[in-house]
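# Descriptive analysis of the structure
Here is what each chain is made of, one letter per residue.
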Amino acid sequence: MSTPNGFPQHSRVCLTRSMEGGAVQDLQAKKAGKAAKKEAGGDGAPPKIGTPISETLKLLPEELKANMKIKSITPRPPRKPRLERAASLDEKSWRKWRRFRTSQESLTDPNETSSSNGSLQEASPSPPIRGRASPCNPCCQQDSLHSSPDALEASPGGKSRGGASDLGKRASEISSAFGGLLRGKGFAGGKPRLSQIMPARPLPPMELNVASHSLRTANRIDADCLDYRHYSQHKFGRVSSSLSDSRLQGNGSLYDNCSTDSMKSTFSVLTPIRAKDVRSRSYLEGSLLASGALMGAEELSRYFPNRSMGIFVATWNMQGQKELPANLDDFLLPTDPDFAQDMYVIGVQEGCPDRREWEIRLQETLGPHYVLLHSAAHGVLYMSVFIRRDLIWFCSEVEYATVTTRIVSQIKTKGALGISFTFFGTSFLFITSHFTSGDSKVNERKLDYNKTIQALTLPKNVPDTNPYRSSASDVTTRFDEVFWFGDFNFRLNKDRETVDSILNQNPDTDVSKLLVYDQLTSEMSRGSIFKGFQEADIHFRPSYKFDIGKDSYDTTSKQRTPSYTDRVVFRSRYKDDIQAVKYSSCPVIKTSDHRPVFALFRVKVRPGRDNIPLAAGLFDRDLYLIGIRRRATRELLKRRERKDQRSSSICSIS
């Protein structure tokens, strides 16, 4: 039983007996102690939660300290710590303090400084964010252990030394402390300890991911191609997105940037196909803008967002040599630009006797990413068209035709070979030619050109994309994009000594003085040949005539003048559809008296219709398998050679 002053009854009796034999000063000290006690806690209430016990002892009078000494002598078991009751609070008690904190938020002023010395007050200047506990320093956790848990049950209407704002702040701090207790971390090692309070931070944004994990993993870009997005957008203007977000948004389906990006790639990526699109139409017939059309605008934008593709065009007079170069990488895969093209077209004059072996070597060099769409030959004129394997479904049937310019048609060393097809809605024509040779036979070469454009019967079954702009007398007007390349045999109208002196003065790339004497440049400027065609600027040395295996021009008794006989020209129905990226030769291949010449282009592609004869993915499968097998074998041999070199370099010293 306790007295109104808050002390046990037997202690009160001992205190009374001591007062009867004492002086009057003891009574005055007692009254002063009661007044100080009432001012500190009022009605015997314990100290507030924010005041440590050490601070409370400083406020008590000397009489109270004396009584506490008397109390320590009494054989009375101490009271159990009431913090255990706080740790076992149920959800109802937690909600009570949540409502209490909410009701006091309007009274909280973050700019007001409280006079309380409570450790929780000092450590948490602002309310918690998003239901998380407020940050707390180590001293906060230590001081909070000295706080009395009895204050948790104090009435909100009780008086506080910090005022109304102090009360609101303390309520938020207490709720944070109770959060750790309810999570089961309130006690450790038998001692009452508050759980570690995590720092306040904003919650992460909610992510609604509609893409499966397998789809996101399959479409992940390799580390070697991470810079392709920036490079292609800067160099070629190709945007890396291959699927519009508006398509998903417009359908009313759930989407977000993360799931949409998982279906995007720099190269082509398979996108989901709606069942209603499959039901509504056939993929073999359709209009230009029909949803799901194989050759339509939607499919074109997915593979080529900027509607432009890269094309590699090359010509090489092999001089009929049986020996093929050991490596074609420098020819087909130049280091500038960094990325391979979408289509490779290679024309050969005076080709090697084994045409199949030549095509296998091309397939081996280009690797498994490319397939042979079509190849054709006219005597010793060869042409091979390789395309990326994921683009073969957008090609029409491939057609070809030949023209012989010799008087005796059985001799097929001079003439032309043309291959044509439609890719999406853009028609292409590739012609490789070998015109009449001789320094002074300019008119004969012009006759070869005129005969070719009149006698080349293309297209055959594939319809013309724009028949209103076609001419029956000129095959080059019946296609959107035309590339003509080969050994045109046009020479330099200058003697050997003058040409050699110019080459010695400008050993690098300044060949403008030589082009003044170029026959083809002169004839094209007059419009007598290659009407409507263009040629990129020339910055390489003449490709003819070299000593085989050497970098020196003809040193035989004939002393032929170096000339630009091997050329690549182009034309288009629409302005600026073709842009030349690079025009150069390959000086490292020295198995012929000609150097290979190649050009890189960016070509605009338009959507088309599905009601044309389609190739339906047809390609030379046998050539593909042989080329890939050789490529793998070559790589294994290289690894074995490197391993043998490392093992042979190890020697023992006795």
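It should be noted that the structure appears before, not after, this text.
Throughout what follows, the structure given in this document is the object of discussion. All figures in this text were calculated on a predicted structure; none of them were measured in a lab.

## Notes on the overall build of the protein
- Secondary structure summary: the protein contains 22 helices and 13 strands in total.
- In the protein, buried positions account for 43% of the 654 residues.
- For the protein, the share of sequence-separated contacts (at least 6 apart) that also reach a separation of at least 24 residues comes to 72%.
- Per element, the accessible surface of the protein, about 35,800 Å² overall, is 52% carbon and sulfur.

## Brief notes about the sheet that holds strand β9 (residues 426–434)
- The five strands are arranged β7-β8-β9-β10-β11 in an open sheet whose pairing can be described as mixed. At either margin of the open sheet sits one strand with a lone partner, and together these are β7 (399–404) and β11 (566–572). Here the average twist between neighbouring strands, direction ignored, is 15°.
- Here nine bridges tie strand β8 (residues 415–423) to β9, and the two strands are oriented antiparallel to one another. Within β9, the residue paired with Ile419 across the bridge is Phe430.
- Set on the sheet, helix α18 (residues 442–455) makes contact with β7, β8, β9 and β10 (481–487); between it and β7 the angle comes to about 145°.

## Observations concerning a positive patch on the surface
- Among the surface-exposed residues, Arg631, Lys638, Arg642, Lys643 and Arg646 lie close enough to one another that they form a single positively charged patch.
- Along the chain, Lys638 turns up in helix α22 (residues 621–648).

## Observations regarding helix α19 (residues 496–505)
- Turning to α19, its buried residues number three or more, namely Arg496, Val499, Ile502 and Leu503. For α19, the arc enclosing every buried residue in end-on projection is 130°, short of the 170-degree limit, so these residues lie on one face. Opposite its buried face, α19 presents the exposed residues Glu497, Asn504 and Gln505, each directed more than 90 degrees away.
- Each element contacted by the buried residues of α19 is listed here: α20 (512–515).
- The N-cap residue of α19 is Asp495: its side-chain oxygen and the backbone nitrogen of Glu497 are 3.3 Å apart.

## As for unusual backbone geometry
- A cis geometry characterises the amide bond from Leu458 onward to Pro459, with omega recorded as -5°.
- Along the chain, the position of Pro459 falls in the loop between α18 and β10.
- Along the chain, Tyr544 connects to Lys545 via a cis peptide bond; the corresponding omega equals 0°.
- Relative to the elements of secondary structure, Lys545 occurs in the loop between α21 (519–526) and β11.
- Phi is positive for Phe530, close to 50°, though the residue is something other than glycine.
- Of note, Phe530 is situated in the loop between α21 and β11.
- Backbone geometry places Ala616, a non-glycine residue, at a positive phi of 55°.
- You can see Ala616 is positioned in the loop between β13 (597–604) and α22.

## Digging into α21
- Every buried residue of α21 is listed here: Gln519, Leu520, Glu523 and Met524. The buried residues of α21 occupy an angular sector of 125° when projected down its axis, which confines them to one face. Exposed residues on α21 whose side chains face more than 90 degrees from its buried face are Ser525 and Arg526.
- Looking at the buried side of α21, the elements it contacts are α18 and β11.
- With its phi angle positive at about 80°, Gly527 sits one or two positions after the end of α21.

Calculation rules
- Residues numbered from 1 in each chain as written.
- Predicted model: local features only at pLDDT ≥ 70, side-chain atom pairs only at ≥ 80, totals over all residues.
- Heavy atoms only, no water.
- Helix = DSSP H or I, 4+ residues; strand = E, 2+ residues; numbered from the N terminus.
- Buried < 20%, exposed > 50% of the residue type's maximum accessible area, 1.4 Å probe, protein only.
- Contact = heavy atoms within 4.5 Å.
- Areas by Shrake-Rupley, 256 points an atom, 1.4 Å probe, with all protein chains shown as cover.
- Pairing = 2+ DSSP bridges.
- Axes fitted to C-alpha atoms, helices over the stretch in contact; angles between N-to-C directions.
- Patch = residues over 30% accessible without salt bridge, like charges linked within 9 Å, V, L, I, M, F, W, Y side chains within 5 Å.
- Salt bridge = Lys/Arg side-chain N within 4 Å of Asp/Glu carboxyl O.
- Lys, Arg positive; Asp, Glu negative; His and termini not counted.
- Charge placed at Lys NZ, Arg CZ, Asp CG, Glu CD.
- Arc of directions from axis to C-beta.
- Polar contact = N/O pair within 3.5 Å; in protein donor to acceptor, adjacent residues only side chain to side chain.

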